[in-house]
Amino acid sequence: MESQGVPPGPYRATKLWNEVTTSFRAGMPLRKHRQHFKKYGNCFTAGEAVDWLYDLLRNNSNFGPEVTRQQTIQLLRKFLKNHVIEDIKGRWGSENVDDNNQLFRFPATSPLKTLPRRYPELRKNNIENFSKDKDSIFKLRNLSRRTPKRHGLHLSQENGEKIKHEIINEDQENAIDNRELSQEDVEEVWRYVILIYLQTILGVPSLEEVINPKQVIPQYIMYNMANTSKRGVVILQNKSDDLPHWVLSAMKCLANWPRSNDMNNPTYVGFERDVFRTIADYFLDLPEPLLTFEYYELFVNILGLLQPHLERVAIDALQLCCLLLPPPNRRKLQLLMRMISRMSQNVDMPKLHDAMGTRSLMIHTFSRCVLCCAEEVDLDELLAGRLVSFLMDHHQEILQVPSYLQTAVEKHLDYLKKGHIENPGDGLFAPLPTYSYCKQISAQEFDEQKVSTSQAAIAELLENIIKNRSLPLKEKRKKLKQFQKEYPLIYQKRFPTTESEAALFGDKPTIKQPMLILRKPKFRSLR
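Structural notes, computed from the coordinates. The structure presented is a predicted model; accordingly, all values stated were derived computationally and were not measured.

## Comments concerning the overall build of the chain
A tally of helices and strands in the chain yields 20 helices and four strands. In the chain, which comprises 527 residues, the proportion classed as buried is 44%. Looking at the chain alone, contacts between residues at least 24 apart form 70% of all its contacts between residues at least 6 apart. Split by element, the accessible area of the chain, about 31100 Å² in all, is 51% carbon and sulfur.

Below, the structure written as structure tokens:
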């Protein structure tokens, strides 16, 4: 069942909860069941509910295929706790649900949660205060003329050239001596530019329902942009805000495994699990998630862009949002994502959990360390897992410094110095990137493209094994045999005959000798 789509706005997690519970209540099959010599109608077993809900979540764009069966069981337990379901005797309020044949039913009461009501007076005051600030700082008299209205994926060259000619003409007409800018002016330009870019990328008429402009701290953005290593990782001036030395050493050990495991490190069985547990304990004990409680609504709203045809939009939006983080949080997020991404791709990494793969373990362990609400939200774990999965796959691009933002701010400051605008927000002259959605394709076409892309990657892997001259012949035979077992069709396409396979190793094709045909003895009659 596909998601109907929850629009950006406040309390998006609650809206998603209502969407999932409504879909579950409307679509979960009900039938008669027998238990303890009694028949019960219009009910379902816990195992049937897990099966159906698991399929629903994996096909919902807000959660995706990374959802595990254990997470589905956890959600079903929250359903029982919140009286979305009850057992056949009408009991609820606990989380006593397992993947078994226990019987449950839907109660007569509505499972939907009411959205928290905002106080009108407080909201009115906030809007009035923001309007006053906007009049004095964020004046947008020329924004409609210079900001592209289309929502596209590439910078429009025509818009850029048009804006460039306009600026040159205005420079000739309004040439004024440079004037000094205060630090406050510079900071307001940073706040203004990043909010305009974020609004344009998300394609929303206003960011008011997603983030308060006062939550944007320009000093954080400026520091995160300017103080980075060659690899783009934030460098902290105050080392007391950094990760402890023993945590950094442990993270480097697992990120570079097994190369970093020199003779100075212990080599006992289970050493890797102890190191991983040490890292996990540190991040789990942090007072707040790395994306902070303050920006929870912002990142939850971006989660609704995490769809195949909106991947580029999601990456650009997350890139800007991660610049808003305090520098210590951004550095920890960068190092954590780099570590878990390397670990999940490392085929030499020993098994860290008896029942869970490395990637699933990374998502399960660190999701709530990255995204979490200050008040308990029932879909926190699923939403955080979806975001961490996306960050793992795209962390290098999301957590790098966007050069276009620095250029836009510098041009705006230069324009402000020359007196062409009186206030920092008096019109954005730097061309914004325009975004246009890709052509939408059907689910069948997407699956076909996904399969063809995967097969091409697997075929490329086979070629790498074949052409690897440093690989010993015995090891190459072993890997090819394993590949043939896992992907027989791709292997057969590459080696259609035994002769082509033998040519790789310079051997003669093995020809099995025909079975000896034993002639049946003729029995003569005794007569």
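## Some points on the packing of helix α12 (residues 311–323) against helix α15 (residues 380–398)
The interhelical angle for the contact between α12 and α15, taken along N-to-C directions, is 80°, at an axis separation of 10 Å. One element, α12, and the other, α15, form an angle in the roughly perpendicular class. Only Leu-387, Phe-390, His-394, Glu-397 and Ile-398 of α15 make contact with α12, whose side of the interface consists of Glu-311, Arg-312, Ala-314, Ile-315, Leu-318, Gln-319 and Cys-322. Grouping the amino acids of the contact of α12 with α15 by side-chain chemistry returns seven nonpolar, two polar and three charged.

## A few points about the packing of aromatic side chains
Scanning the model with the defined rule gives 14 aromatic pairs in all. Here the aromatic rings of Phe-24 and Phe-44 are separated by 6.1 Å at their centres, their planes lie at 75°, and the arrangement is edge-to-face. Note that Phe-24 is positioned in helix α1 (residues 12–27) and Phe-44 in strand β2 (residues 38–45), a separation of 20 residues in sequence. With a relative accessible area of 0%, Phe-24 lands in the buried category. What makes Phe-44 buried here is its relative accessible area of 0%. Connected via pairs of aromatic rings, a cluster forms that spans Trp-17, Phe-24, Phe-44, Trp-52, Phe-79 and Phe-106. Just above the ring of Phe-495 sits the side chain of Arg-494; from NZ or CZ to the centre is 4.9 Å.

## A look at the pairing of strand β1 (residues 31–35)
Strand direction decides the pairing type here: β1 and β2, joined by four bridges, are antiparallel. Its bridge partner lying in β2, Arg-31 is registered against Cys-43.

## Here we look at the sheet that holds β2
An order of β1-β2-β4-β3 is seen for the four strands of this open sheet, with the pairing classed as antiparallel. In the strand order of this sheet, the two ends are held by β1 and β3 (86–87), each with one partner. Pairing of β2 with strand β4 (residues 103–105) involves two bridges; the strand directions are antiparallel. Bridge pairing in β4 links Phe-44 to Phe-104. Running over the sheet, helix α2 (residues 46–58) touches β1, β2 and β4 and is turned about 20° from β2.

## Focus: the pattern of salt bridges
A side chain of one charge can pair with a side chain of the opposite charge if their charged atoms are brought near each other. Scanning all chains against the criterion turns up 14 salt bridges. With a closest N to O distance of 2.9 Å, Arg-105 and Glu-86 form a salt bridge. Residue Arg-105 is found in strand β4, and its partner Glu-86 is found in strand β3; the two are separated by 19 residues along the sequence. For Asp-274, the salt bridge is made with Arg-277, and the minimal N-O distance between the two is 2.9 Å. Residue Asp-274 and its partner Arg-277 are located together in helix α10 (residues 271–284), separated by three residues, close to a single helical turn.

## Thoughts on helix α18 (residues 473–486)
Between its first and last C-alpha, α18 extends 20 Å over 14 residues, near the 20 Å set by a 1.5 Å rise per residue. Residues of α18 that are buried include every one of Lys-476, Leu-480 and Phe-483, and no others. All buried residues of α18 lie within an arc of 60° about the axis, which places them on one face of the element. Turned more than 90 degrees away from the buried face of α18 sit Lys-474, Lys-478, Lys-481, Lys-485 and Glu-486, all of them exposed.

## Re the nonpolar core
Counting residues in hydrophobic clusters, the biggest one holds 117 residues, and the most contacted among them are Phe-24, Phe-79, Ile-85, Phe-283, Leu-336, Met-337 and Phe-366. Ranked by the residues each element gives to this core, the list is headed by helix α7 (residues 183–202), at 12 residues. Contacts of Phe-79, omitting those with residues within four sequence positions, involve Trp-17, Val-20, Thr-21, Phe-24, Leu-53, Val-84 and Ile-85. Ile-465, Leu-471, Tyr-491 and Phe-495 belong to the second largest nonpolar core, which has 11 residues in total.

## Here we look at the side chain of Thr-45
Position of Thr-45 among the secondary structure elements: in strand β2. According to the relative accessible area criterion, Thr-45 is buried, its value standing at 7%. Aside from chain neighbours lying at most four places away, what touches Thr-45 is His-33, Asn-100, Asn-101, Gln-102 and Leu-103.

## As for the environment of Asn-101
Within the secondary structure, Asn-101 sits in the loop between β3 and β4. The spatial distance from the C-alpha of Asn-101 to the C-alpha of Phe-44 is 8.5 Å, given a sequence separation of 57 residues. The residues touching Asn-101, leaving out its near neighbours within four places in the chain, are Gln-35 and Thr-45.

## Here's the deal with the packing of helix α11 (residues 296–303) against α12
Their axes nearest at 10 Å, the elements α11 and α12 cross at an angle of 170°. With respect to α12, the element α11 is oriented roughly antiparallel. Along its contact with α11, which presents Leu-298, Phe-299 and Ile-302, the element α12 presents Ala-314, Ala-317, Leu-318, Cys-321 and Cys-322. Tallied by class, the residues present in the contact of α11 with α12 amount to eight nonpolar, no polar and no charged.

## Points about the environment of Val-234
Mapped onto the secondary structure, Val-234 falls in the loop between α8 (218–226) and α9 (245–255). Its relative accessible area of 0% is what places Val-234 among the buried residues. Put simply, Val-234 and Leu-335 are 101 residues apart on the chain and 9.6 Å apart in space, counted from C-alpha to C-alpha. Ignoring sequence-local partners within four residues, the contact set of Val-234 consists of Tyr-223, Asn-224, Asn-227, Thr-228, Pro-327, Arg-330, Arg-331 and Gln-334.

What counts, and at which threshold
- Residues numbered from 1 in each chain as written.
- Predicted model: local features only at pLDDT ≥ 70, side-chain atom pairs only at ≥ 80, totals over all residues.
- Heavy atoms only, no water.
- Helix = DSSP H or I, 4+ residues; strand = E, 2+ residues; numbered from the N terminus.
- Buried < 20%, exposed > 50% of the residue type's maximum accessible area, 1.4 Å probe, protein only.
- Contact = heavy atoms within 4.5 Å.
- Areas by Shrake-Rupley, 256 points an atom, 1.4 Å probe, with all protein chains shown as cover.
- Axes fitted to C-alpha atoms, helices over the stretch in contact; angles between N-to-C directions.
- Parallel < 35°, antiparallel > 145°, perpendicular 65-115°, else oblique.
- Nonpolar A, V, L, I, M, F, W, Y, C, P; charged D, E, K, R; others polar.
- Phe/Tyr/Trp six-rings, centres within 6.5 Å; stacked < 30°, edge-to-face > 60°.
- Lys NZ or Arg CZ within 6 Å of the ring centre and 35° of its normal.
- Pairing = 2+ DSSP bridges.
- Salt bridge = Lys/Arg side-chain N within 4 Å of Asp/Glu carboxyl O.
- Expected span 1.5 Å × (residues − 1).
- Arc of directions from axis to C-beta.
- Core = buried A, V, L, I, M, F, W, Y, C linked by side-chain atoms within 4.5 Å.

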